[in-house]
Amino acid sequence: KGELADFARAVSPVLTDIFELYLENKCGINIQNCYVLNGSRGMETYKLSRSLLPDDLLQVLDNVYSNNGGYIDTEPCAANLSPLVIAKALEMGDLKAAQIAEDLRKFEKNVRNIAAHQIVTVTEKWIKERTGFNLAEVFRMLQDFISICIQIPKDAWDSYDKLNEAIINSFKLK
């Protein structure tokens, strides 16, 4: 439909979910066990808690956030989960997962965060200039990363297109 800004904004929760999925399914780390509920009643949010993180994961985040004095508890998001995914993927020799996670985070940082917080016109060209990727490549990276995390039937990614085609064809018959 060409709703590129909407797509860009929708990437953040997807990345959070798939990075959690990778940590759990590929690394055996249930990162949600490191979340604590903070805030007053009705205004509660989950935070990735430094005190609950295993030492190796805390060290990764402390290194990433060293300019700020180390990691402080923040809401789980692609910004704080991607370094964990990349570190664990590299540790396991999963270079493809590490590269895709890094590229998806680059997309989020350079496109999604701007589109969500500034009034900008998001075009394919604008995305390509900021990330080096076109939208089809970003979508393919999402598919590839999810396929690394969980077993996906070969034709599953085509099913949405097949559904759209069936809907369009049903209108043509009328």
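Here goes a summary of the coordinates provided. (Residues numbered from 1 in each chain as written. Predicted model: local features only at pLDDT ≥ 70, side-chain atom pairs only at ≥ 80, totals over all residues. Heavy atoms only, no water.)

**Structural notes on the packing of aromatic side chains**
The criterion, for reference: Here the aromatic set is Phe, Tyr and Trp, taking the six-membered ring for Trp, and pairing holds for ring centres within 6.5 Å; pairs whose planes are under 30 degrees apart are stacked, those over 60 apart are edge-to-face, and all others are tilted. Going along the chain from the N terminus, every DSSP run of H or I of four or more residues is numbered as a helix, and every run of E of two or more is numbered as a strand.
Under the criterion given, the structure shown has three aromatic pairs. On the basis of an interplanar angle of 80 degrees and a centroid distance of 5.5 Å, the ring pair of Phe19 and Phe145 is categorised as edge-to-face. Placement of Phe19 in helix α1 (residues 4-27) and of Phe145 in helix α6 (residues 135-149) is noted, with a sequence separation of 126 residues between them. Relative to Tyr71, the ring of Tyr65 has its centre 5.8 Å away and its plane inclined at 55 degrees; by these criteria the two rings are tilted. Here the aromatic residues Phe19, Tyr22 and Phe145 are joined through ring pairs into a cluster of three or more.

**Description of the packing of α1 against helix α3 (residues 78-91)**
Test applied: Where helices are involved, their axes are fitted lines through C-alpha atoms of the stretch in contact, as for all axes, and angles between N-to-C directions lie from 0 to 180°. By definition in this entry, angles of less than 35 degrees are roughly parallel, angles greater than 145 are roughly antiparallel, angles of 65 to 115 are roughly perpendicular, and the rest are oblique. For any helix crossing, the convention is left-handed if the near helix is rotated counterclockwise from the far helix by under a right angle, and right-handed if that rotation is clockwise. We call two residues in contact when some of their heavy atoms are within 4.5 Å. Classification used: nonpolar for Ala, Val, Leu, Ile, Met, Phe, Trp, Tyr, Cys and Pro, charged for Asp, Glu, Lys and Arg, polar for all others including Gly.
It is the contact of α1 with α3, at a shortest axis distance of 9 Å, that shows an interaxial angle of 30 degrees. If you check the angle between α1 and α3, you find them roughly parallel. As for the relative orientation of α1 and α3, their crossing is left-handed in sense. Contact residues: α1 offers Leu15, Thr16, Phe19, Glu20, Tyr22, Leu23 and Cys27, while α3 offers Ala78, Leu81, Ser82, Leu84, Val85, Lys88 and Ala89. Classifying every residue of the contact of α1 with α3 gives ten nonpolar, two polar and two charged.

**Side note on the nonpolar core**
Heads up, the condition is: Residues belong to a common nonpolar core when they are buried Ala, Val, Leu, Ile, Met, Phe, Trp, Tyr or Cys residues joined through side-chain atoms within 4.5 Å. Only protein chains enter the accessibility calculation, which uses a 1.4 Å probe; a residue is then buried when its area is under 20% of its type maximum, exposed when over 50%, and partly exposed in between.
Formed by 47 residues in total, the largest nonpolar core has its most connected members in Phe19, Tyr22, Ile31, Leu48, Leu53, Leu104 and Phe145. At the level of secondary structure, the elements contributing two or more residues to this core comprise α1, α2 (55-64), α3, α4 (95-117), α5 (124-131) and α6. In this structure, Phe145 is in contact with Ile18, Phe19, Tyr22, Val85, Ala97, Ile100, Ala101 and Leu104, ignoring residues within four places of it in sequence.

**Notes on the environment of Ile152**
Assignment of secondary structure puts Ile152 in the loop between α6 and α7 (159-172). Here Ile152 falls in the partly exposed class, since its relative accessible area comes to 25%. Placed 108 residues apart in sequence, Ile152 and Glu44 show a C-alpha to C-alpha distance of 35 Å. Sequence-distant contacts of Ile152, defined by excluding residues within four places in its chain, comprise Ile146, Ser147 and Trp157.

**Let's talk about the packing of α3 against α4**
For the pair α3 and α4, the least separation of the axes is 8 Å and the interaxial angle reads 160 degrees. In terms of orientation, α3 and α4 fall into the roughly antiparallel class. Handedness of the α3/α4 crossing: left-handed. Of the residues in α4, those touching α3 at Ala78, Ala79, Ser82, Val85, Ile86, Ala89 and Leu90 are Leu95, Ala97, Ala98, Ala101, Glu102, Arg105 and Glu108.

**Observations regarding the pairing of strand β1 (residues 35-38)**
The test is simple: Pairing between strands is defined by DSSP: at least two bridges between the two strands are required.
Two elements, β1 and strand β2 (residues 45-48), share four bridges in a ladder whose sense is antiparallel. Residue Asn38 lies in a different strand from β2, and its bridge partner there is Thr45. Hairpin geometry of β1 and β2 is characterised by an intervening segment of six residues between the two adjacent antiparallel strands and by a positive phi of about 105 degrees at Gly39.

**Some words on α6**
Test applied: One less than the residue count of a helix, multiplied by 1.5 Å, gives the span that helix is expected to have. As used in this structure description, the phrase polar contact means that two N or O atoms lie within 3.5 Å; if the pair is within protein, one of them must be able to donate a hydrogen and the other to accept it, and residues adjacent in sequence are counted only when both atoms belong to side chains.
Here α6 spans 21 Å end to end across 15 residues, near enough to the 21 Å set by a 1.5 Å rise per residue. By the burial criterion, the buried members of α6 are Leu135, Val138, Met141, Leu142, Gln143, Asp144, Phe145, Ile146, Ile148 and Cys149. Looking at the buried positions of α6, the neighbouring elements they touch are α1, α3, α4 and α5. Two or three places before Ala136, at the opening of α6, Asn134 has a side-chain oxygen 3.0 Å from that residue's backbone nitrogen.

**Let's talk about the pattern of salt bridges**
Counted only if it meets this: Within this document, salt bridges are pairs made up of a side-chain nitrogen of Lys or Arg and a carboxyl oxygen of Asp or Glu, the two lying within 4 Å of each other.
In total, this model carries eight salt bridges according to the counting rule given. One salt bridge in this structure joins Glu108 and Arg105, with 2.7 Å as the shortest N-O distance. Within this pair, Glu108 and its partner Arg105 are both found in helix α4, separated by three residues, close to a single helical turn. Its relative accessible area of 5% is what places Glu108 among the buried residues. Note that Lys125 and Glu129 form a salt bridge whose closest N and O atoms lie 3.9 Å from each other. Taken together, the residues Lys125 and Glu129, both in helix α5 and four residues apart, mark about one turn of the helix. Considered together, Lys125 and Glu129 belong to a single accessibility category, that of exposed residues.

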